[in-house]
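Here's the letter readout for the chains.
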Amino acid sequence: LLRQNEALCLSRVRMVRMFNEYLPALIAYFSYLASGVALLVVFAMLYSKVTPFDELALIRDGCTAAALSFGGALLGFSLALASSALHVNKLEYFILWGALAGVVQIAVYLFLTRCIKGMPQAIMENNVAVGILSGSISLAVGVMNAGCLS
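Note that this is a predicted model, so its numbers are computed, not measured.

Participant: Before we go on, may I ask you to explain the overall build of the protein chain in this structure?
Facilitator: Of the regular secondary structure elements, the protein chain holds 6 helices and 0 strands. Along the protein chain, from the amino end to the carboxyl end, the secondary structure elements read α-α-α-α-α-α. Computed over the C-alpha atoms, the radius of gyration of the protein chain is 22 Å, more than 25% above the 15 Å expected from 2.2 N^0.38 for a compact globule of 150 residues. For the protein chain, contacts bridging at least 24 residues in sequence account for 76% of all contacts bridging at least 6. Element-wise, carbon and sulfur atoms account for 70% of the exposed surface of the protein chain, whose accessible area totals about 9400 Å². Both charge centroids of the protein chain, one from 9 positive and one from 7 negative side chains, sit 11 Å from each other.

The following block contains the structure:
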């Protein structure tokens, strides 16, 4: 019985040690994950405010062009966030670089609306080619953003 109690105590000590070893990594993981999700939500809301149409309403109505354009912007932004999480070792810098990546993505949209005449209207009219072009450019800029962060 004494040996069983000793084994149980040693087992508990090992579990506590293991928990204490992994706790900082778990806290860091969940901090980055929660911050990343929050940045993604804020980006999506700001992006939607910049565009002259409601992406989610258009997507609910089956507008493929809006889904492609919005999806490309979200993916491009997410790539920059992922690169920042991988290469930055402070949460504050991760948030800062994420905010900068969001500004760049929004600037790309604004630049595209000046370069492609009638782009917002074309997306609202479900011009899939324009949606693909807009989403692809947003994705390409996101890849470049991610590369610049590495």
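Participant: It is not clear to me how the environment of tyrosine 22 should be interpreted in this structure. Could you clarify?
Facilitator: Tracing the backbone shows tyrosine 22 in helix 1 (residues 2-50). Each C-alpha atom of the pair tyrosine 22 and aspartate 54 lies 43 Å from the other, and the pair is 32 residues apart in sequence.

What counts as what
- Residues numbered from 1 in each chain as written.
- Predicted model: local features only at pLDDT ≥ 70, side-chain atom pairs only at ≥ 80, totals over all residues.
- Heavy atoms only, no water.
- Helix = DSSP H or I, 4+ residues; strand = E, 2+ residues; numbered from the N terminus.
- Rg over C-alpha atoms; globule rule 2.2 N^0.38 Å.
- Contact = heavy atoms within 4.5 Å.
- Areas by Shrake-Rupley, 256 points an atom, 1.4 Å probe, with all protein chains shown as cover.
- Lys, Arg positive; Asp, Glu negative; His and termini not counted.
- Charge placed at Lys NZ, Arg CZ, Asp CG, Glu CD.

Coordinates in, geometry out; function isn't part of it.
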